[in-house]
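Secondary and tertiary structure notes
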Amino acid sequence: MLTWIRRGGLSTLLFLLPLVVVFGVFSWWPIVRAAVMSVQQTNLVTAPVFVGWENFETVFTDPLLGTAVRNTAFFALIALVFGYPIPLVAAVLMSEVRRWRGLYSAVAYLPVVVPPVVAVLMWKVFYDPRPEGLFNTVLGWVGIAPQSWLQSADTAMGSLVLEATWAAAGGTVIIYLAALVAVPPELYDAAEVDGASIWRKVWHVTLPQLRGVLLVTLILQIIGTSQVFLEPFLFTGGGPANSTITVLLLIYDYAFSSSLGGDYGAATALSLVLAVFLALLSALYFRLTRSWSTS
Amino acid sequence: MRSIRKPAAAVAAALVLAGMTACSGGGEPTTTPEGKTAITVVSLKPGSEQAAFDAFEEQVRQFEAANPTIDVTTQEYEWTGPTFTAQLAGGTLPTVFTVPFTDGAGLVERGQLADITEHVQALGYVDKFNEAVLATGKSADGRIFALPTEAYGVGLQYNRTLFQQAGLDPDEPPTTWDEVRSYAEQIAERTGQAGYAEMTQDNTGGWMLTTLTYALGGRMQSVTGDQVQATVDNPGAKAALQRLKQMRWEDGSMGANVLYDWSTINQDFAAGKIGMYMGGSDVYTSLKQQNGIDPDDYGLAVLPLAPGADSGLLGGGTLAAVNVKASPEQQAAATKWIDFYYLGKFVRQDAAVQDAKTLAESDQPVGVPKLPIFDEATLTQYNEWIEPYVNVPLGQMSSFTEGIHGQHLAGEPPAQAQEMYAVLDTVVQAVLSDPNADIDALLAQADADVQTVLDRG
């Protein structure tokens, strides 16, 4: 015992304890509780009742689940199509300019600094569906008719993606910029000597050198967009007519939409299903892309 | 170096731990160090003007002076379904809080409210309550868990200034739904603002669709014995949705915003962007406190009812309840507060005068139209007591205050009303956001969905 203490065992343990306690209390214990709750019926006030797989049955037979999954997938897809390449293009362009680079990255990062709720409230004003709304005025300058934005099932999801991309791009740009600095300059010099154009340099030098970072940001983006909540919650509440209800919003609705005490069992059941799905997806993703990875 | 760093680190780690244990205190104390009973009560809606809070604090001081053994802490509060559920589940509800009539029975059934029968009986006026209204806070075996504090009937809120700008007489609000439609069109055409708007989010869409359905002679649920049947797919609801569809898509008189909830529609109305909308007869208080409405703009009309014995005016109200986790002393103190702040004024002249005077001195609304929670005579008596302090433009609400007496009042649907409203939100949103929405299909689907909610119980 004494030797163990003298060898630093005690201080190691003391060092470890805060971390273990913090993780235990705020992460692991809630995870365990959620797993337990998913097989219970509880209103968190009276004693819970064990119900087996019933909550999972409720979730899987809910017609809204299909809608929520489709909406989430749609959000993830368009967020990927726009949100993934834009920061990359921006980062490559910014790394090419020699002056004011700091200013550009500050401007690109600015939306990330704006608190998300403030950003959404601001964009709600931009999305004013009346012809005199901000975006509709701008569209009017180029002869495009006013859009309904958030007020129509056809355009609501696209409007959410637009704001989400604006809000998140800055963070990814900074990651890419940092990665670009790490690309050895002699590779560009060699390409230049060989007479490569700027596009060939990007294609043959920049992108292959960035592939490790690109792979990670891609899966992070997929996981992030699968858990989209803030935008539909604050912009539309899932409307109009459930056209923007997402999986996370559905979980929230299970838990909180009934003012008599929510269905926390169904909410945790769907949360677990989503967590397992994303874990499997990530595992599969890393397995499939192992050969491209740099590490 | 090494020898110093290790003990220092160990001390740091120990300090962190000590700090954490220090932070993990127990729940809320039920008594103050001086031995007073501590209760937390809901105050006003977040964002209310400072003068309103000042008046509230003054009332707390008056209460504490009269009850020196009670210590009152206040908490801003606005009932919305999701936030209430979170507070209920998280155990963070104050000792005294308010819920709508629709949730009384459900909360009682689920054991989430304190039984305050004895304390209420001690107040001495329990038999004066309107029996049907008091029933919203009672259990099946007659125990009292919540007390009605105010009742409203839905009225047609209208902007007098927009009426004038549109060439309409603000003293002659519409008296039929056809007139509502043509007035809305005229307002939209001449002023560019929404002639008529409707709430659609956070259960308010269902609430207002039910109101309009009642007004057109339909009902959303039918009760036989213990069985509650969804009757969402009824001619009244269909007519209601068709009216909305016509105003939105044929007349273009409903503006472009179809995602309103209670706060945002009030906000836009106070800002002069909405000609007419349906809202509780007592909403003026909030329009003034939260949205700073210009009193000259405000008009309140009685809701037009379609001819026929079935059409009715939807009414609802607020219950004050006590946290189920409160100690017996807290429950007694909480009931005293409910008596002081919400109810005593209706039955005691000194309380009525003190309440009205305090509010009027802070320029807070006194005298918004209410429906009786006791009998009609008690309300009339109360209105006489506070008359010298009335500062709301009652003349601009006369269509409501005079017209309400002839109306057939109908309570909100008896079972799972809020959950049913949530289902109906989707229907209203679909009709207002999609010009090709199939009303029959939407109603058939909603009927089935509501039945599922009711069967789940």
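Computed from a predicted model, the values in this text were never measured in an experiment.

When its secondary structure is counted, chain B shows 18 helices and 11 strands. For a compact globule of 457 residues, the expected C-alpha radius of gyration is about 23 Å, and chain B comes in at 24 Å, within 12% of that figure. Seen through its principal axes, chain B has C-alpha atoms that stretch 80 × 60 × 50 Å. By the burial criterion, 55% of the 457 residues in chain B qualify as buried. Here the contacts in chain B between residues at least 6 apart in sequence split such that 77% fall between residues at least 24 apart. Summed over all atoms, the accessible surface of chain B reaches about 18,700 Å², with 50% contributed by carbon and sulfur.

What follows concerns the packing of aromatic side chains. Residue and element names in this part refer to chain B. For the structure shown, the criterion picks out 37 aromatic pairs over all chains. Relative to F163, the ring of Y158 lies with its centre 4.8 Å away and its plane at 45°, an arrangement referred to as tilted. Note on Y158: relative accessible area 2%, which makes it buried. Taking the centre distance of 5.3 Å and the plane angle of 5° together, the rings of W337 and Y341 count as stacked. Taken as a pair, W337 and Y341 lie in helix α13 (residues 328-347) at a separation of four residues, close to a single helical turn.

Moving on to the layout of surface pockets. Residues and elements named next belong to chain A. By volume, the second largest pocket is sized at about 580 Å³. When residues of the lining of the second largest pocket are traced back to their parent elements, those giving at least two are α4 (63-83), α6 (101-113), α7 (116-126), α9 (156-181), α11 (198-226) and α12 (230-236). No other element matches the eight residues that α9 contributes to the lining of the second largest pocket. Each residue belonging to the lining of the second largest pocket can be placed in one class, and the counts come to 16 nonpolar, seven polar and two charged.

This next bit is on the confidence of the model for chain A. Model confidence for chain A is summarised by a mean pLDDT of 89, while 99% of its residues fall at 70 or above. Within chain A, no element has a lower average pLDDT than helix α1 (residues 2-6) of chain A, which sits at 82, and none a higher one than helix α8 (residues 134-141) of chain A, at 94.

Our focus in this paragraph is unusual backbone geometry. Cis peptide bonds are those with omega within 30 degrees of zero, and the linkage from G239 of chain A to P240 of chain A qualifies with -10°. Topologically, P240 of chain A is positioned in the loop between α12 and α13 (247-256). Backbone geometry at A241 of chain A places phi at a positive 55°, although glycine is not the residue there. Within the secondary structure, A241 of chain A sits in the loop between α12 and α13. Positive phi, close to 75°, is recorded for N203 of chain B, a residue that is not glycine. As for its placement among the helices and strands, N203 of chain B is situated in the loop between β5 (194-197) and α9 (204-215). A residue is classified by how much of its surface remains accessible, and N203 of chain B, at 10% relative accessible area, is buried.

This paragraph deals with the confidence of the model for chain B. All names here are of chain B. Model confidence for chain B is summarised by a mean pLDDT of 90, while 94% of its residues fall at 70 or above. Contacts from residues 1-27, a stretch scored under 50 in pLDDT, to residues over four places away or in other chains number 14 contacts. This complex was scored by the predictor with a pTM of 0.85 and an ipTM of 0.79.

Residue and element names in this part refer to chain B. Assigned domains of chain B: these are domain 1 (37-151 + 321-389) and domain 2 (155-315 + 415-456). Listed as interface residues are 19 residues of domain 1 and, on the opposing side, 14 residues of domain 2. When domain 1 packs against domain 2, close to 1,400 Å² is buried across both sides, 51% of that on carbon and sulfur atoms. For K288, the salt bridge goes to E49, with nearest N and O atoms at 3.8 Å. At the boundary of domain 1 and domain 2, one finds five residue pairs in polar contact (both at pLDDT 80 or more). Classifying every residue of the side of domain 1 that touches domain 2 by side-chain character gives eight nonpolar, four polar and seven charged.

On to the environment of A153 of chain A, then. All names here are of chain A. Tracing the chain through its elements places A153 in the loop between α8 and α9. When its relative accessible area of 38% is taken as the criterion, A153 is described as partly exposed. What A153 contacts, discounting residues up to four positions off in sequence, is P240 and S243.

Between chain A and chain B, the residue contacts involve 35 residues of the former and 36 residues of the latter. Counting each side, the surface lost to burial between chain A and chain B is near 2,800 Å², with a carbon and sulfur contribution of 63%. The largest contributions to the chain A side of the interface with chain B come from Q151, S259 and L260 of chain A, which together make up 26% of the buried area. For the pair chain A and chain B, the number of links is zero salt bridges.

This next bit is on the pairing of strand β9 (residues 298-302) of chain B. Residues and elements named next belong to chain B. Within β9, five of the five residues are buried, which leaves it mostly tucked inside the rest of the structure. Burial along β9 is two-sided: Y298, L300 and V302 and G299 and A301, pointing in opposite directions, are all buried. In terms of strand pairing, strand β4 (residues 146-159) meets β9 through five bridges, oriented antiparallel. Across the sheet, residue G155 finds its bridge partner in β9, namely V302.

With that settled, the discussion passes to α9 of chain A. The first and last C-alpha atoms of α9 of chain A sit 38 Å apart over 26 residues, in line with the 38 Å expected at 1.5 Å per residue. At A169 of chain A, α9 of chain A shows its largest bend, some 35°.

Attention now moves to the nonpolar core. Grouped together as the largest cluster of nonpolar side chains are 138 residues, with contacts concentrated most on Y196, M276 and W337 of chain B. Two domains each provide a minimum of three residues to this core, namely domain 1 (37-151 + 321-389) and domain 2 (155-315 + 415-456) of chain B. Excluding its chain neighbours within four sequence positions, the residues that come into contact with Y196 of chain B are L156, W177, V180, A184, L244, M247, S253, M254, M276, Y277 and M278 of chain B. Formed by 21 residues, the second largest nonpolar core is a distinct cluster that contains F56, L65 and V247 of chain A together with A89 of chain B.

Definitions and cut-offs
Residues numbered from 1 in each chain as written. Chains lettered and ligands numbered in written order. Predicted model: local features only at pLDDT ≥ 70, side-chain atom pairs only at ≥ 80, totals over all residues. Heavy atoms only, no water. Helix = DSSP H or I, 4+ residues; strand = E, 2+ residues; numbered from the N terminus. Rg over C-alpha atoms; globule rule 2.2 N^0.38 Å. Buried < 20%, exposed > 50% of the residue type's maximum accessible area, 1.4 Å probe, protein only. Contact = heavy atoms within 4.5 Å. Areas by Shrake-Rupley, 256 points an atom, 1.4 Å probe, with all protein chains shown as cover. Phe/Tyr/Trp six-rings, centres within 6.5 Å; stacked < 30°, edge-to-face > 60°. 1 Å grid on protein atoms, 1.4 Å probe; cavity = no way out; pocket = protein on both sides within 12 Å on 5 of 7 lines; lining within 4 Å. Points joined across faces, edges and corners; volume = space filled by probe spheres on them. Nonpolar A, V, L, I, M, F, W, Y, C, P; charged D, E, K, R; others polar. pLDDT = per-residue confidence, 0-100. Domains from an automatic or database assignment. Buried area = accessible area lost by both parts, 1.4 Å probe. Salt bridge = Lys/Arg side-chain N within 4 Å of Asp/Glu carboxyl O. Polar contact = N/O pair within 3.5 Å; in protein donor to acceptor, adjacent residues only side chain to side chain. Pairing = 2+ DSSP bridges. Expected span 1.5 Å × (residues − 1). Bend = angle between axes of the 7 residues up to and from the residue. Core = buried A, V, L, I, M, F, W, Y, C linked by side-chain atoms within 4.5 Å.

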